Amino acid sequence: MSETKPPLDPNLKALESEAIHIFREVAAEFERPVMLYSVGKDSSVLLHLARKAFYPGKIPFPLLHVDTGWKFKEMIAFRDRVVSDYDLDLVSHTNPRGKLEGVSPFSHGSSVYTNIMKTEALRQALDAGQYDAAFGGARRDEEASRAKERIYSFRTPDHGWDPRNQRPELWSIYNGMIRKGESVRAFPLSNWTEVDIWRYIQVEDIPIVPLYFAAPRPVVERDGMLILAEDKRLELQPGEVKRVETIRFRTLGCFPLTGAIHSTATTLDAIISELETATVSERQGRAIDRDEAGSMEKKKREGYF
Amino acid sequence: MSVNSAIAERISTDVETEAAVRTADRNARPLRLITCGSVDDGKSTLIGRLLWDTKAVKDDQADALARDDRHSQNELGLPDFALLLDGLQAEREQGITIDVAYRYFATDRRSFIVADTPGHEQYTRNMATGASTADLAVLLVDARTGILEQTRRHATIATLMGIRQFVLAVNKIDLIDYDQQRFDHIAAEFRQLALSLGVTDIKAIPMSALLGENVVVSGRSAMPWYDGPTLVNVLELATQRTAQAVGFRFPVQRVSRPNEGFRGYQGTVAGGSVKPGDSVVVLPSGTVANVKQIVTYDLVRNAAVAGDAITLVLDRPVDVARGDMIASIDAAPALGLAFEAKLVALNGEGIRADKRYWLKSSSRRQRVRVEPRSMLDLKTGQWKSSDNLPLNAIGTVHLSFDELAMFDPYETNRNTGAFILIDPDTNNTVAGGMIQTRAKSVDGIDGAERNQVLLSLPQDLANQLMASEAFAAIRDHVEIRRLNSARASAILEELD
């Protein structure tokens, strides 16, 4: 780290300290923790904080990436580079059943696809690793049902979440007591907002997937979303035209389900000032949130992050 | 290597200056607050208004509400704020709020975290949870009804959880025609209530959350007689509790031994400050050492203060494990096998004297026996003798441990004075607690030779005295007989 790095402002410093505290607490209390790594900006921040928390030691748990097979190519390339640069222990898992049956967002629709390739795949991977704690990068400001999440979120042996029956969580004292088979999802970024994430990426100089920065890219418009059109598996429908536009992504998921925004923000400063005047939320570009009212809560109950 | 460093070079000087200004503006930790009041007082409208006027609600979130078939816009064409806030399907269906939710908004000057807790169902449990981390409480009343019994309950719980800053939001002031006299009356009544609880930092604000008057934007045009701050102005200037002025406290979370040459203790400073060279004591063992180094990822630091997550290296090989506390040698916490505490019962079964619990405080977890002594009647503010604490009850308890425990009084340090109780049968969190003092020894010579005072009091005065908190804490050391005045005089004369 360079000597000239400006100190964190008190807001970010408090958020950073809280996250480090949570990382250390989980690592000390659980036998087999794992960190969900989705390659997005929140995951990048999460990984950076994990490295800080255990310095000068190594991160004492593996990273888990649920690969749906439909991620942006740049995300996979970025992931592989980060794993080798930081010498990380990464487990990548794809649902074998979904792969065999050729489940895709085009053939099965976003809801069935997400359920099989993300939620079911995650459950498989967590069971296979016998993980008793899983870190996630979810933030409470992202979505209404996440506003009710605990920092230690208790899960039944089949990974279910019961929002009506959560353990009370007072002060910063976390209850990590579970029975065999049960688990806890831990959310060190609970109290971060989207702007906090970007400010932190800027001041800490954290590498992120280039898709977050604006550039001319091929897109098609579908169901009101701008879809990146560089993967051969994306078949154009009648009336759809591929064109090059200057776009970027506010969040990154699976490319057919993640909408781009028109933007000229090529720097972090530009992204932050764009955010401060934004009139739509970041999950606006996520098709899965729009399937039905309360759809995130439903997915979370079934084990989605 | 970094994707971003190349980009950083492209930042123009203009942008750099602008960013510097923005950073300076937010030169504070997020302020944490809790809002207390019922649906009828317009609590959801108030929080919705805060989020709306600070632009924390985005268009697509408002649009999603518009697609909801239960949704109706209010008369101002704004979204139904209660629907916006109720995140869970069950809540939207039943129109109630069932749990604590956290909301985030920011102004140019500060970031805020609001604990949004329900006014009705199990409000004690949820309020205690939300208040445990809050710096300030906003108590909401309807201008038409004024201070209610519920306001007293909320203020009492907030005070108990350590909140010392109150804002009274006198809402729906438009419905009483901006009546200044009525507002002054409510404010004065509240001031008395707050003072009786020991809270002196009180701001009362007349407002209409629905119309957006004195929440974020000034309501001066509607009520020229009020020249005080808006709610957001008060929140921007509110103070934050800090544990920096007390003795150094460092609960050890984990021991880091990446190689033979390095042994560091990882944790978050829970009180005071530390620098290399300081003499410290490791508790409960009592081993003494000096601080050699404060390590963080960014640099080796020359000091750390409360709230900092660090790795501490000592100058000699000592036995330190998770759950131990490293503290300043000249201002160490209380060490003992028994403590007095206040407790909020959070679970259906309540707290029973015949059961052993797990107690977790900071990183330390140990077995404890809990004997309830008294219970607070939230209606009257009086403490009554009780040997159990049902769900949502607040009481005083005696804690006894098999192994040494260490605490500070909650009043002095919220981090090292707070604990939770875990039921070993269900693993659920069943209580939140706040340490008052280390229990005084009452057995042996100490007990027999303790000085006692015999008082003879009129019955009402004695009843008042026995309802006080101070009395509740020493209930076990008091003997009481009820007599008529003639008999009491006779006994006292006999003693003389």
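Let me sum up the structure you'll find in this document.

What follows covers the overall build of chain B. Scanning chain B from N- to C-terminus turns up 15 helices and 25 strands. Expressed as a percentage of its 496 residues, the buried residues of chain B come to 54%. Across chain B, every contact between residues at least 6 apart in sequence was considered, and the portion connecting residues at least 24 apart equals 69%. Surface accessibility of chain B: about 22300 Å² in total, with carbon and sulfur atoms responsible for 49%.

Another point: the overall build of chain A. Counting secondary structure elements, chain A contains eight helices and 10 strands. Considering only residue pairs separated by 6 or more positions, chain A has 73% of its internal contacts joining residues 24 or more positions apart. If you sum the accessible surface of chain A, you get close to 11300 Å²; carbon and sulfur atoms cover 51% of it.

A few words now on the packing of helix α1 (residues 10–29) of chain A against helix α2 (residues 41–54) of chain A. Residue and element names in this part refer to chain A. Contact geometry for α1 and α2: axes closest at 9 Å, N-to-C directions at 70 degrees. If you check the angle between α1 and α2, you find them roughly perpendicular. By crossing handedness, the relation of α1 to α2 is classed as right-handed. Contact residues: Glu 16, Ala 19, Ile 20, Phe 23, Arg 24 and Ala 27 in α1; Leu 46, Leu 49, Ala 50, Lys 52, Ala 53 and Phe 54 in α2. For the contact of α1 with α2, the per-class residue count stands at nine nonpolar, no polar and three charged.

Residues and elements named next belong to chain B. Tracing the sequence through the fold places Ser 386 in the loop between β21 (382–385) and β22 (388–389). Residue Ser 386 is classed as buried on the basis of its relative accessible area of 15%. Here the side chain of Ser 386 touches Asn 388 through a polar contact of 2.7 Å, landing on its backbone oxygen. Not counting residues up to four positions away in its chain, the partners in contact with Ser 386 are Pro 372, Arg 373, Ser 374 and Met 375.

This brings us to helix α9 (residues 180–196) of chain B. An α-helix turns once per 3.6 residues; consequently, residues spaced three or four apart project the same way. All names here are of chain B. Its 17 residues give α9 an end-to-end C-alpha distance of 24 Å, which sits within 8% of 24 Å, the value for a rise of 1.5 Å per residue. Every buried residue belonging to α9 is among Phe 183, Ile 186, Ala 187, Phe 190, Leu 193 and Ala 194, and all of these are buried. Projected down its long axis, α9 shows its buried positions confined to an angular sector of 120 degrees, all on one face. Turned more than 90 degrees away from the buried face of α9 sit Gln 181, Gln 192 and Ser 196, all of them exposed. In this structure, the buried residues of α9 make contact with β4 (136–142), α8 (149–160), β5 (165–171) and β6 (201–206). Regarding α9, its N-cap is Asp 179, as a side-chain oxygen of that residue lies 3.0 Å from the backbone nitrogen of Gln 181 further along. One or two positions beyond α9, positive phi appears at Gly 198, with a value near 90 degrees.

Residues and elements named next belong to chain B. Of the strand pairs in this sheet, strand β20 (residues 364–377) and β21 are connected by four bridges, and their pairing is antiparallel. Within β21, the residue paired with Met 375 across the bridge is Lys 384. A loop of four residues connects β20 with β21, the two strands running antiparallel in sequence, and Gly 381 in this loop sits at a positive phi of about 80 degrees.

Our next topic: the sheet that holds strand β8 (residues 225–228) of chain A. Residue and element names in this part refer to chain A. The strand order across the open sheet formed by four strands is β8-β7-β9-β10, and the pairing between neighbours is antiparallel. Both outer strands of the open sheet, β8 and β10 (261–262), are each paired with one neighbouring strand and no more. Two strands pair when backbone bridges link them, and strand β9 (residues 243–248) and β10 are joined in this way by two bridges, in the antiparallel orientation. Bridge pairing in β10 links Ile 247 to His 262.

Omega for the bond connecting Tyr 55 of chain A with Pro 56 of chain A falls within 30 degrees of zero, at 5 degrees, which places this linkage in the cis form. Within the secondary structure, Pro 56 of chain A sits in the loop between α2 and β2 (63–66). Put simply, Leu 283 of chain B and Pro 284 of chain B share a cis peptide bond, and its omega is 10 degrees. Along the polypeptide, Pro 284 of chain B turns up in the loop between β11 (279–283) and β12 (287–295). The phi dihedral of Gln 130 of chain A is positive, around 50 degrees, even though this residue is not glycine. Checked against the element boundaries, Gln 130 of chain A lands in the loop between α5 (105–129) and β4 (133–135). Residue classification places Gln 130 of chain A among the exposed positions, given a relative accessible area of 58%. One non-glycine residue, Ser 362 of chain B, lies in the positive phi region at around 50 degrees. Residue position: Ser 362 of chain B is located in the loop between β19 (356–361) and β20.

A separate point is the nonpolar core. Core analysis: the biggest nonpolar cluster contains 80 residues, and Ile 34, Met 161, Phe 166, Leu 168, Phe 190 and Leu 231 of chain B have the highest contact counts within it. Excluding residues within four positions of it along the chain, Ile 34 of chain B makes contact with Ala 115, Thr 117, Met 127, Gly 130, Ala 131, Ala 134, Leu 136, Ala 137, Val 138 and Ile 163 of chain B. Counting 76 residues, the second largest nonpolar core, distinct from the first, contains Val 26, Ile 197, Val 220 and Ile 247 of chain A.

To continue, consider the packing of helix α7 (residues 123–131) of chain B against α8 of chain B. Residue and element names in this part refer to chain B. It is the contact of α7 with α8, at a shortest axis distance of 9 Å, that shows an interaxial angle of 40 degrees. When the axis of α7 is compared with that of α8, the two are oblique. The handedness of the crossing between α7 and α8 comes out as right-handed. Within the contact between the two elements, α7 uses Tyr 123, Thr 124, Met 127 and Ala 128 and α8 uses Arg 153, His 154, Ile 157 and Ala 158.

Cut-offs used in this document
Residues numbered from 1 in each chain as written. Chains lettered and ligands numbered in written order. Predicted model: local features only at pLDDT ≥ 70, side-chain atom pairs only at ≥ 80, totals over all residues. Heavy atoms only, no water. Helix = DSSP H or I, 4+ residues; strand = E, 2+ residues; numbered from the N terminus. Buried < 20%, exposed > 50% of the residue type's maximum accessible area, 1.4 Å probe, protein only. Contact = heavy atoms within 4.5 Å. Areas by Shrake-Rupley, 256 points an atom, 1.4 Å probe, with all protein chains shown as cover. Axes fitted to C-alpha atoms, helices over the stretch in contact; angles between N-to-C directions. Parallel < 35°, antiparallel > 145°, perpendicular 65-115°, else oblique. Left-handed = near helix turned anticlockwise from the far one by under 90°. Nonpolar A, V, L, I, M, F, W, Y, C, P; charged D, E, K, R; others polar. Polar contact = N/O pair within 3.5 Å; in protein donor to acceptor, adjacent residues only side chain to side chain. Expected span 1.5 Å × (residues − 1). Arc of directions from axis to C-beta. Pairing = 2+ DSSP bridges. Core = buried A, V, L, I, M, F, W, Y, C linked by side-chain atoms within 4.5 Å.

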